Amino acid sequence: MIETKKLSLFLVILISMISCHKQTQNLSETEISNDPMVELLAKMTLEEKIGQMTQYNGFWDSTGPAPKEGDAKEKYDHLKSGRVGSMLNVSGVKEVRKLQEIAVKETRLGIPIIFGLDVIHGHKTLAPIPLAEVASWDLDAIEQSARMGAEEASARGINWTFAPMVDISRDARWGRVMEGAGEDPYLGSLVGKARVRGFQGTDLSKNNTIAATAKHFAGYGFAESGRDYNAADVGTVTLFNTILPPFKACVDENVATVMNAFNTLNGIPATGDEYLQRDILKGEWGFEGFIISDWGSGAEMIAHGFAKDLEHAAILAANAGSDMDMESYAFVKHLATAVDSGHVDIKHIDDSVLRILRIKEALGLFDDPYRYCDKEREKTVPYHEDHATLVRDMAKKSIVLLKNEDRTLPLSTEQKNIVVIGDLAQEKTSPLGSWRIGSDDGTAISVIEGLEAKDVKFKYKSGPALISQPASFINEVIINKDDRTGFDAAVKAAKKADVVVMVLGEHGFQSGEGRSRTDLGFPGMQQELLEAVKEVNDNIVLVVMSGRPLVLTWAEENVPAIVQAWQLGTESGNAIADVLFGEYNPSGKLPMTFPRDVGQVPIYYNKLNTGRPGPSDLVFWSHYIDESNNPLYPFGYGLSYTQYKYSGLKAVASGPKSITVDLTVSNVGEMAGEEVVQLYIQDKVASVSRPIKELKGFEKIMLQPGESKVVSFELTEQELGFFNTKGTFIFEPGEFTVMVGPNSRDLSTTTIEL
Ligand code: GLC
């Protein structure tokens, strides 16, 4: 298959070198007819080719009357004249079929459209937000979650998702950390691969698999100051060792498409970055899919001061390797002129178009353009009861137990006099998170409902409302800062309670795109409410709902039990109740560091030592004078209702560039549980200063009370090597520290010389 592809790409380049775009090719018919996509390309006019490189947002109720004016009419006319290759934000078999019929039946060549949508963590049934899922460290569960999303979305006509987002980020101020896999490239790479497998399955041509997208290429998660869309400046070592590995992992997993990014990376807008897109992605890595721009990012090169106008933006994007233009209108309006004037070589156009046609071919859309328009599937698949079970399981595994003093948890369902406090405890939309385009408001099981489902007796007092106006994907969330209704009643009820369950945190639309924060505390009056309740009752179980790490320092010092419950999707309340009442022993581990103070951000575990790591009696070492360097909760941290013991760490060289690591983990508590055993290394001396520790292996194991298991890891050159300042991957012999433990802080260590 790959040989055929290479041959056909060669043919395309040969054709475009020999013939200008309006003449037919002068290659023998035999050579062209070997590959239907090349044959189709040879028939296309330049306008039709550029049409394939154009993606429009869904612009009207396609089952209604054709639009008569404005943008929608122009898009409709382009659709009918074969100048639209893809659409996004159209879903539903009826709508998709209607548009597909126009493309297939009313255009000259009948090339089917590919329909894209953000299927980020489910579609109708929602799994936990991606960052929460990663806290499960369960790659199979993560893959199955993506598989479910593909099943549901494909049943509604979608054949392409703009996921997984694989942007590494160390900055919880950035709202899109909720969409990724956290701060670590090793974990982020494995999660990216699992999600690509889940979405794409083993056969893209099946009607329940969808093309995946690794996004946003590249460096979007390193936005300066955590402010979305801001510039990213990183050196080669960070680019190659931290930012690029998850994208390379997705390319190795045959991801169908890559989406570029809004940001400049080292001064160059990603959409116009030839080094990133042509030299690295398509060149060095041999990526054979296509690159789609992010929404309007082509046109945004004007605002970046990189393009002087839309025509210039079209030239820059096409020459830099962007293959499809999402809602910039740059290609559809200016690319033909750019080719005619020689500013863009037709070979780039032909390469882009062939890449796009190939993905459509792989999806089976040429065999059957209506393959994803199965009305019977649409009636049942998006609401399948197995999906509720799947996302509840995923949600339980995503919960992280951060504190459990004096075994406050688990609670007994016989527990008397429970008071539940917090507006988020009744929320049925917020737990769905911000990236839930396909799902419906109010479909999450709330915490209240989860407790009721277990016949738990409790009183509920919401306290003040968290938001003072309805929230939405595109508008600012208006946090209630002055309406104290419910505050006193909640505190009064807490006073008489035996245990108070407080559900506090962010609204689901306070994280995600365009949602950067400078304050990582509880929004609104929640912190004041927490402290007021603490005044009257010490026995508080704090359940935190958020799309990012929050600053929980006061709670850590004043509250006996803390549970990180993210935004857990449709089965949120049931999963939280399962953990609070011990039906599930929490096993989650943090995929991002939780700071003590926002002033420490960006903060991450795999940091460099610096020349003055300290501590010292004098001030001349790398530290803050007003806060510790240490996080509140480190990467990989999470407690259990049972206790585990690590012993017998051994590391031996199994070759000149490999190490075998063995250790024993025992469950020394009274409850069965799953433990994520983590393996870190440090390359003690290297030609590039290396992090004090790097995750290079993990295994999630189930242990019955009293049970022990030997866990083994193999470290190879792939794990022990690194990219140097030239972006070259190297291995250097020398001393390595090998560390194992339940998180990135509490580690048993040994050293070994290679
Ligand atoms: C958005 C996001 C991108 C998403 C695209 C389509 O602006 O940046 O992640 O896939 O537009 O919705």
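Residues numbered from 1 in each chain as written. Predicted model: local features only at pLDDT ≥ 70, side-chain atom pairs only at ≥ 80, totals over all residues. Heavy atoms only, no water.

1. A word on the overall build of the protein
Cut-off, in case you're wondering: Numbering of helices and strands starts at the N terminus; helices are DSSP runs of H or I of at least 4 residues and strands are runs of E of at least 2. Radius of gyration: C-alpha atoms only; globule rule: 2.2 Å multiplied by the number of residues to the exponent 0.38. Buried means the residue's accessible area, taken with a 1.4 Å probe over protein chains only, is under 20% of the maximum for its type, while exposed means over 50%, and partly exposed covers the values in between. Throughout, a residue-residue contact means that at least one pair of heavy atoms, one from each residue, lies within 4.5 Å.
The secondary structure content of the protein amounts to 24 helices and 25 strands. The C-alpha atoms of the protein give a radius of gyration of 27 Å, which matches the 27 Å a tight globule of 754 residues would have. Taken over the C-alpha atoms alone, the protein extends approximately 85 × 65 × 45 Å along its principal axes. Counting all 754 residues of the protein, 61% fall into the buried class. Summarising the internal contacts of the protein: among those between residues at least 6 apart in sequence, 77% fall at separations of at least 24.

2. Looking at the site of the ligand
Quick reminder of the rule: Whether a residue is near a molecule or strand depends on its heavy atoms: it is near if one of them lies within 4 Å of it. For this analysis, a polar contact is any N or O atom pair within 3.5 Å, provided that within protein one partner can donate a hydrogen and the other can accept it, and provided that sequence-adjacent residues contribute only side-chain to side-chain pairs. Per-residue and other accessible areas follow the Shrake-Rupley method at a 1.4 Å probe size, with only the shown protein chains counted as cover for residues. Residues are grouped as follows: Ala, Val, Leu, Ile, Met, Phe, Trp, Tyr, Cys and Pro are nonpolar; Asp, Glu, Lys and Arg are charged; all remaining types, including Gly, are polar.
Asp118, Arg176, Lys215, His216 and Asp294 are the nearest of the 13 residues found near the ligand. In the environment of the ligand, an oxygen atom lies 2.5 Å from a nitrogen or oxygen atom belonging to the side chain of Asp118. A distance of 2.7 Å separates an oxygen atom of the ligand from a polar side-chain atom of Arg176. When the ligand sits alone it has 310 Å² of accessible area, and the protein chains cover 94% of it. Here the residues of the shell around the ligand sort into seven nonpolar, one polar and five charged.

3. Some points on the pattern of salt bridges
Which entries qualify depends on this criterion: Salt bridge, as applied in this entry: a Lys or Arg side-chain nitrogen positioned within 4 Å of an Asp or Glu carboxyl oxygen.
In the structure shown here, the tally under the stated rule is 45 salt bridges. Notably, a salt bridge pairs Glu327 with Lys75, separated by 2.9 Å at the nearest N-O pair. Residue Glu327 is located in the loop between β10 (325–326) and α15 (330–340), and its partner Lys75 is located in helix α5 (residues 70–80); the two are separated by 252 residues in the primary sequence. The buried category is assigned to Glu327, whose relative accessible area is 11%.

4. Some words on helix α23 (residues 572–580)
Across the nine residues that make up α23, a large majority, nine, are buried. Within α23 the residues assigned to the buried category are Ser572, Gly573, Asn574, Ala575, Ile576, Ala577, Asp578, Val579 and Leu580. Positive phi appears at Gly582, one or two residues downstream of α23, with a value of about 80°.

5. With respect to helix α21 (residues 526–536)
Note the following rule: Directions are taken from the helix axis to each C-beta atom, and the arc is the one they span.
Of the residues making up α21, those classed as buried are Gln526, Leu529, Leu530, Ala532 and Val533. End-on, the buried residues of α21 take up no more than an arc of 165°, which puts them together on one face. Contacts from the buried residues of α21 go to β12 (418–421), α20 (487–495), β14 (499–505), β15 (540–545) and α22 (553–558).

6. Examining the packing of helix α3 (residues 36–43) against helix α16 (residues 346–362)
Any two packed helices are characterised by the angle at which their axes cross and by the distance between the axes. The following threshold applies: Angular values range over 0 to 180 degrees, each being the angle between N-to-C directions of two axes fitted as lines to C-alpha atoms, with helices fitted over their stretch in contact. Any angle that falls under 35 degrees is termed roughly parallel, while one over 145 is termed roughly antiparallel, one within 65 to 115 roughly perpendicular, and all others oblique. Here is the rule for handedness: rotate from the far helix to the near one, and if that takes an anticlockwise turn smaller than a right angle the crossing is left-handed, while a clockwise turn gives right-handed.
Across the interface, α3 lies against α16 with an axial gap of 10 Å and an inter-helix angle of 130°. By the angle between their axes, α3 is oblique relative to α16. Note on packing geometry: the crossing formed by α3 with α16 is right-handed. Taking contact as the criterion, the partners of Pro36, Met37, Val38, Leu40 and Leu41 in α3 are, on α16, Asp350, Val353, Leu354, Leu357, Arg358 and Glu361. Of the residues that constitute the contact of α3 with α16, the class distribution is eight nonpolar, no polar and three charged.

7. Topic: the confidence of the model for the protein
Atom-level detail of predicted coordinates should not be read off regions where pLDDT is low. The criterion, for reference: The pLDDT value tells you how sure the predictor is about a given residue, anywhere from 0 up to 100.
The predicted model of the protein has a mean per-residue pLDDT of 95, with 96% of residues at 70 or higher. Ignoring residues within four places in sequence, the model shows residues 15–28, a span with pLDDT below 50, making 21 contacts including any to other chains.

8. A look at the domain arrangement of the protein
Heads up, the condition is: Note that the domain bounds reflect an automated or database-derived domain assignment. The buried area of a pairing is the accessible area, by a 1.4 Å probe, that goes missing from both parts when the two are put together, added over both.
Segmentation of the protein into domains returns domain 1 (51–348 + 359–377), domain 2 (397–600) and domain 3 (644–753). One C-alpha centre belongs to domain 2, the other to domain 3; they are set 34 Å apart. Between domain 2 and domain 3, the buried area comes to about 660 Å², and carbon and sulfur atoms account for 42% of it. Across the contact surface, domain 2 and domain 3 share two salt bridges. For the salt bridge of Glu670 with Arg407, the shortest nitrogen-to-oxygen distance reads 3.5 Å.

9. Details of a nonpolar patch on the surface
Note the cut-off: Every patch collects residues that have over 30% relative accessible area and no salt bridge, joining them within 9 Å if they carry like charges and within 5 Å if they are nonpolar side chains (Val, Leu, Ile, Met, Phe, Trp, Tyr).
A grouping of Leu618, Val619 and Phe620 is seen on the molecular surface, where their side chains present a nonpolar patch of about 330 Å² in accessible area. With respect to the element layout, Leu618 can be found in the loop between α23 and β17 (644–655). Leu618 sits in the exposed class, given a relative accessible area of 53%.

10. Some points on the side chain of Asn263
Note on placement: Asn263 falls in the loop between β6 (257–260) and β7 (264–265). A distance of 3.2 Å separates the side chain of Asn263 from the backbone oxygen of Ala218, its partner in a polar contact. Look past the residues within four positions of Asn263 in its chain and what remains in contact with it is Ala218, Gly219, Tyr220, Tyr229, Asn230, Ala232, Ile268, Pro269, Ala270 and His304.

11. Topic: a positive patch on the surface
Applied cut-off: Note on charges: Lys and Arg go in the positive column, Asp and Glu in the negative column, and His and the chain ends are not counted at all. Charge placement uses NZ in Lys and CZ in Arg. For Asp and Glu, CG and CD serve respectively.
Where like charges cluster on the molecular surface, the positive patch consists of Lys459, Lys461, Lys492 and Lys496. Structurally, the position occupied by Lys461 is in strand β13 (residues 458–461).

12. Concerning the nonpolar core
Spelled out, the test is: To form a nonpolar core, buried Ala, Val, Leu, Ile, Met, Phe, Trp, Tyr and Cys residues must be joined to one another through side-chain atoms within 4.5 Å.
Judged by nonpolar contacts, the single largest core of 166 residues is most densely connected at Leu244, Leu335, Met502, Leu542, Leu552 and Trp566. For this core, the domains that each give at least three residues are domain 1 (51–348 + 359–377) and domain 2 (397–600). Setting aside its immediate chain neighbours within four residues, Leu542 contacts Met502, Leu504, Phe522, Leu530, Ala555, Val559, Ala561, Ile562 and Val563. Counting 22 residues, the second largest nonpolar core, distinct from the first, contains Leu663, Val711, Phe713 and Ile752.

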